[in-house]
Structures are given as structure tokens and as C-alpha cells.
Amino acid sequence: MKSIYDEIVPVAPVTVLGIGNIILRDEGFGVRAMEYLEEHYSFSPDVRLLDGGTLGPELLHFLTGTEKLLILDAVAGDAAPGTVYRFENDAVMAHFQEKMSSHEIGIQDVLAWLTVTDRPIPNVVVLGMQPYDLTAGLMLSTEMAAALPGFAQRAVEELTRWGEIPAVRRPQSAQGI
């Protein structure tokens with residue numbers, strides 16, 4: 001079923017969605033991971049990187065029609081800080097039952113809405129990391145910041161499984177800029 005938003009908001013077949021609250025340090029890890037990917041990799045036109053921040057139902061317009069969704073987020077689990085989590089398809093909804101913050105309520109609602117309106121996203125993966133520090137502040141904790149390159153590599157591996165192989169960007173100094 002087509003929506004008016006199909007013509008207003010272009011949707012890529014593959015969406016990488018970074019979510020989280022960047023004013024609570026490690027809670028913004030998903031957004032910071034998406035920014036890291038955007039800075040260090042080039043993607044085909046079939047891949048859209050999206051800063052979902054703390055948006056909730058508003059994301060519906062940006063996700064309706066995407067075929068593959070990779071969500072990057074801070075994940076509050078029972079493991080030690082720095083633990084990487086991966087949830088796929090049905091396990092994603094179970095993950096969002098245990099909400100860490102309001103944006104997770106929003107993404108759960110968006111995924112549920114798409115399912116009940118017969119427009120589910122066929123492939124959904126959440127990659128997340130257990131945060132170290134959720135106090136007020138704009139910077140990631142030292143530990144989470146240090147984990148970004150390895151976490152980004154995990155995201156690249158997920159995209160590669162889907163047939164999307166990002167190219168590593170050369171540092172600007174190597175480009176003669």
C-alpha cells in the first residue's frame with residue numbers, strides 16, 4: 001500500500017538507523033556509531049544512514065518501504081559494560097520490551113505499526129553495546145569511544161551479509177586535502 005510519504009521521503013532499500021539520546025553520554029552510542037560509519041565509509045545509493053536520535057513514531061516516514069534495517073543503539077542488558085548485543089527479526093521486538101529510554105518505545109511502535117499495516121520490514125537487526133556511563137554529557141565515555149571502530153566493523157559485517165559492501169574512506173590527509 002502506497003502512502004503520501006512515499007513521494008515526499010525517499011526510502012533506501014537498506015537503512016542504518018542510529019538511535020539514542022546524545023546528551024546522556026553512552027546513551028547516544030547508536031547515533032555516534034552511525035556518525036562514525038558515515039565518516040569512515042562510503043555507501044552505495046541503496047544504503048541510507050539515518051540519525052534517529054530520540055525520535056519515535058516520526059521515524060515511520062523514514063522507514064516505511066525499507067527492506068533491511070540495521071539499528072545501532074545502546075543496550076541495557078545484564079552483561080558487563082562494553083558487551084555487544086545482536087538481535088534479529090522476532091528477537092528485536094522482544095528486546096524492545098525491555099526499554100532503556102523513550103526512543104526505544106518509539107522504534108517498537110514503528111515496527112509494530114508497519115507489521116499491523118502489512119508493511120513489515122523483512123530484515124531487522126539490532127546491534128548494540130552495554131553502556132558504561134549514562135550521566136549528562138555530550139561525549140561518549142572513554143571506553144565506548146574506544147569501542148567505536150570495532151563496533152563499526154560489526155555493522156559493516158551485517159551490511160556485507162546483506163550484499164552491501166561499504167568502501168573504507170581514505171583519511172583526508174591521504175587525499176591531498
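Going by the structure above, here's the rest.
The structure reproduced in this document is the subject of the present report. From a predicted model like this one, the values you see are computed outputs, not experimental measurements. (Residues numbered from 1 in each chain as written. Predicted model: local features only at pLDDT ≥ 70, side-chain atom pairs only at ≥ 80, totals over all residues. Heavy atoms only, no water.)

As for the pairing of strand β4 (residues 68-74)
Our working definition: For every residue, the accessible area (1.4 Å probe, protein chains only) is compared with the maximum for its type, and the residue is labelled buried under 20%, exposed over 50%, or partly exposed between those bounds. Counting from the N terminus, the helices are the DSSP runs of H or I reaching at least four residues and the strands are the DSSP runs of E reaching at least two. Two strands qualify as a pair provided DSSP detects at least 2 bridges between them.
Across the seven residues that make up β4, a large majority, six, are buried. Pairing of strand β1 (residues 14-19) with β4 involves five bridges; the strand directions are parallel. Note on β4: the bridge partner recorded for Val14 is Lys68. As defined by bridge partners, β4 adjoins strand β6 (residues 123-129) across seven bridges and the pair is classed as parallel.

Examining the nonpolar core
Definition in use: Among buried residues, those of type Ala, Val, Leu, Ile, Met, Phe, Trp, Tyr and Cys that are joined through side-chain atoms within 4.5 Å constitute a nonpolar core. In what follows, residue pairs with any heavy atoms lying within 4.5 Å of each other are defined as contacts.
Counting residues in hydrophobic clusters, the biggest one holds 25 residues, and the most contacted among them are Val16, Phe29, Leu37, Leu70, Leu72 and Phe151. Secondary-structure elements contributing two or more residues to this core are β1, α2 (29-40), β3 (47-53), β4, β6 and α6 (142-161). Looking at which element gives the most residues to this core, the answer is α6, with seven residues. If near-sequence neighbours (up to four positions away) are discounted, Leu37 is found in contact with Val16, Phe43, Leu49, Leu72, Ala152, Ala155 and Val156. Tyr85, Phe87, Leu111 and Ile121 belong to the second-largest nonpolar core, a separate cluster that totals 19 residues.

A closer look at unusual backbone geometry
Residue Arg25 is not a glycine yet carries a positive backbone phi of 45 degrees. In this fold, Arg25 is placed in the loop between β1 and α2. One non-glycine residue, Asp118, lies in positive phi territory at about 60 degrees. Considering the arrangement of structural elements, one finds Asp118 in the loop between α5 (102-116) and β6.

Focus on the sheet that holds strand β5 (residues 84-88)
To keep it simple, the criterion reads: Axis definition: a line fit to C-alpha positions, over the contact stretch in the case of helices; interaxial angles, taken between N-to-C directions, run 0 to 180 degrees.
Pairing in this open sheet of five strands is mixed, and the strands run β3-β1-β4-β6-β5 from one edge to the other. With one partner strand each, in any of the chains shown, β3 and β5 form the two edges of the open sheet. The average undirected angle you get between the axes of adjacent strands in this sheet is 15 degrees. The strands that α2 touches are β1, β3, β4 and β6; relative to β4, the one it contacts most, it runs at about 125 degrees. Together, β1, β4, β5 and β6 form the strand contacts of α6, whose direction differs from that of β6 by roughly 165 degrees.

What to know about the packing of aromatic side chains
Counted only if it meets this: Between 30 and 60 degrees the pair is tilted, below 30 it is stacked and above 60 it is edge-to-face, where a pair is any two Phe, Tyr or Trp rings, Trp via its six-membered ring, whose centres lie within 6.5 Å.
Within the structure shown, the criterion is met by three aromatic pairs. When the ring of Tyr41 is compared with that of Phe43, the centres are 6.5 Å apart and the planes differ by 50 degrees; the resulting orientation is tilted.

So, the pattern of salt bridges
Keep this limit in mind: Any Lys or Arg side-chain nitrogen found within 4 Å of a carboxyl oxygen on Asp or Glu counts as a salt bridge.
Across all of its chains, the model carries five salt bridges by this definition. One salt bridge in this structure joins Arg86 and Glu88, with 3.1 Å as the shortest N-O distance. Taking relative accessible area as the criterion, Arg86 reaches 33% and is therefore assigned partly exposed. Via salt bridges that share partners, Arg86, Glu88, Glu158 and Arg161 belong to a single interconnected network.

A closer look at α2
Where we set the bar: Expected helix span is given by 1.5 Å per residue-to-residue step, counting one fewer step than there are residues.
Here α2 contains 12 residues, and its C-alpha end-to-end distance of 16 Å stays within 8% of the 16 Å for a straight helix at 1.5 Å per residue. Along α2, the positions that sit buried rather than exposed are Phe29, Gly30, Val31, Ala33, Met34, Tyr36 and Leu37. Looking at the buried side of α2, the elements it contacts are β1, β2 (41-42), β3, β4, β6 and α6.

Section: the layout of surface pockets
Under the convention used in this document: Using a 1 Å grid laid over the protein atoms alone, points where a 1.4 Å probe fits but cannot get out form a cavity; open sets with protein on both sides within 12 Å along at least 5 of 7 lines form a pocket; any residue with an atom within 4 Å of a point counts as lining. Grid points are joined across faces, edges and corners, and a volume is the space filled by probe spheres set on the points. Here the nonpolar group is Ala, Val, Leu, Ile, Met, Phe, Trp, Tyr, Cys and Pro; Asp, Glu, Lys and Arg are the charged ones; every other residue, Gly included, is treated as polar.
What the largest pocket holds in volume is close to 220 Å³. Asn89, Asp90, Val92, Met93, Leu111, Ala112, Thr115, Pro120, Ile121, Pro122 and Val124 are the residues that line the largest pocket. Going through the elements one at a time, α4 (90-97) and α5 are the ones with two or more residues in the lining of the largest pocket. For the lining of the largest pocket, a count of residues per class yields eight nonpolar, two polar and one charged.

On their own, these measurements won't tell you what the molecule is for.
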